[in-house]
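Reading the structure
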Amino acid sequence: MDVEPIFCAEQIVIPHNLADILKAYTKEVIRRQPNDIIAFSAKYFTNLANVASGATSTPAPGKEQLRQVYGRGGSGGAVLTESQVNGLCQQAGIADPVVAKVLEVGNFDPAAIDLHKFVFLMLAMSCEDFNRVCMGVFDVFSDNGSLPTEQFLTLISYLGPDMDPDVTPAFLTALENDLAGPPTVTYMEICEAPTMKPKLGLS
């Protein structure tokens, strides 16, 4: 690379978000203790890039826009074509590049797109962290602040492990055991689940 030599401290410019990125990365390495730190790092930053690059040049969709897509598309587990999804997103004012990125990340079949998964991934790519994703789930998919427990578990499962290395089958099984019993769940109840507390930074 053609890089100018550094002769004094004043030439060093540190990107404003470097510290936050390295802090989050370091916490993941310490928490997960990977055997192959190079392979883990490659996957970590690839996943981070996939999530973060969804809408760098266009505004991320708001929760009300996502609610419109979800409501108009049929909230009962609708399966739509790519053309229908694009139409719903255009009606809600969601930029085409954002839609294209979500379709790419989700690796959807253009003829059969699970609307729940599509809207959830768009929400996840618009949120800064896992806690905001969980809060957003109840804002977008619920009218009364609660969701069927099975639906919440299914939505969270779409994150991993490709988008979020922590969301493993073991994590989901433990969370399902935590939430066993009542047929519905609220955001406050998931915050009390032992499996969720460390993930949400509450322990």
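Residues numbered from 1 in each chain as written. Predicted model: local features only at pLDDT ≥ 70, side-chain atom pairs only at ≥ 80, totals over all residues. Heavy atoms only, no water.

Just so we agree on the cut-off: UniProt positions are given in the numbering used here, feature names are shortened, and annotations may be inferred rather than shown by experiment.
Looking up the chain in an unreviewed UniProt entry gives the name RIIa domain-containing protein, with the organism given as Astrephomene gubernaculifera. For the record of the chain, the UniProt heading Sequence similarities (unreviewed entry) holds the text "Belongs to the ropporin family." A UniProt comment under Subcellular location (unreviewed entry) is attached to the chain, and it reads "Cell projection, Cilium, Flagellum".

Describing the side chain of Thr-195
For clarity, the threshold we go by: Segments assigned H or I by DSSP are reported as helices when at least four residues long, segments assigned E as strands when at least two residues long, and all are numbered from the N terminus. Counted as a polar contact is a pair of N or O atoms within 3.5 Å, where, for protein atoms, one must be capable of donating a hydrogen and the other of accepting one, and residues adjacent in sequence contribute only when both atoms are in side chains. By the convention used here, residues are in contact when the closest approach between their heavy atoms is within 4.5 Å.
One can find Thr-195 in the loop between α10 (187–191) and α11 (196–200). Among the polar contacts made by the side chain of Thr-195, one reaches the side chain of Asp-178 at a distance of 2.5 Å. Excluding residues within four positions of it along the chain, Thr-195 makes contact with Phe-171, Ala-174, Leu-175 and Asp-178.

Regarding the environment of Leu-88
Among the structural elements, Leu-88 can be located in helix α4 (residues 82–91). Discounting chain neighbours no more than four positions away, the residues touching Leu-88 are Val-69, Arg-72, Gly-73 and Leu-80.

Some thoughts on the pattern of salt bridges
Operational definition: Here, a salt bridge means any side-chain nitrogen of Lys or Arg that lies within 4 Å of a carboxyl oxygen of Asp or Glu. To sort residues, take the accessible area from a 1.4 Å probe on protein chains only and compare it with the maximum for the residue type: under 20% means buried, over 50% means exposed, and anything in between is partly exposed.
Applying the stated criterion across every chain yields a total of 8 salt bridges. Residue Asp-129 pairs with Arg-132 through a salt bridge whose shortest N-O separation is 2.6 Å. Take Arg-132: its relative accessible area is 38%, and that puts it in the partly exposed class. Put simply, Glu-128, Asp-129 and Arg-132 are held in one network by salt bridges that share partners.

Some remarks on the environment of Asp-178
Here Asp-178 is to be found in helix α9 (residues 169–178). For Asp-178, a relative accessible area of 30% gives the class partly exposed. Between the alpha carbons of Asp-178 and Met-196 there is a distance of 9.0 Å; along the sequence they are 18 residues apart. In contact with Asp-178, not counting residues within four places along its chain, are Ala-193, Pro-194 and Thr-195.

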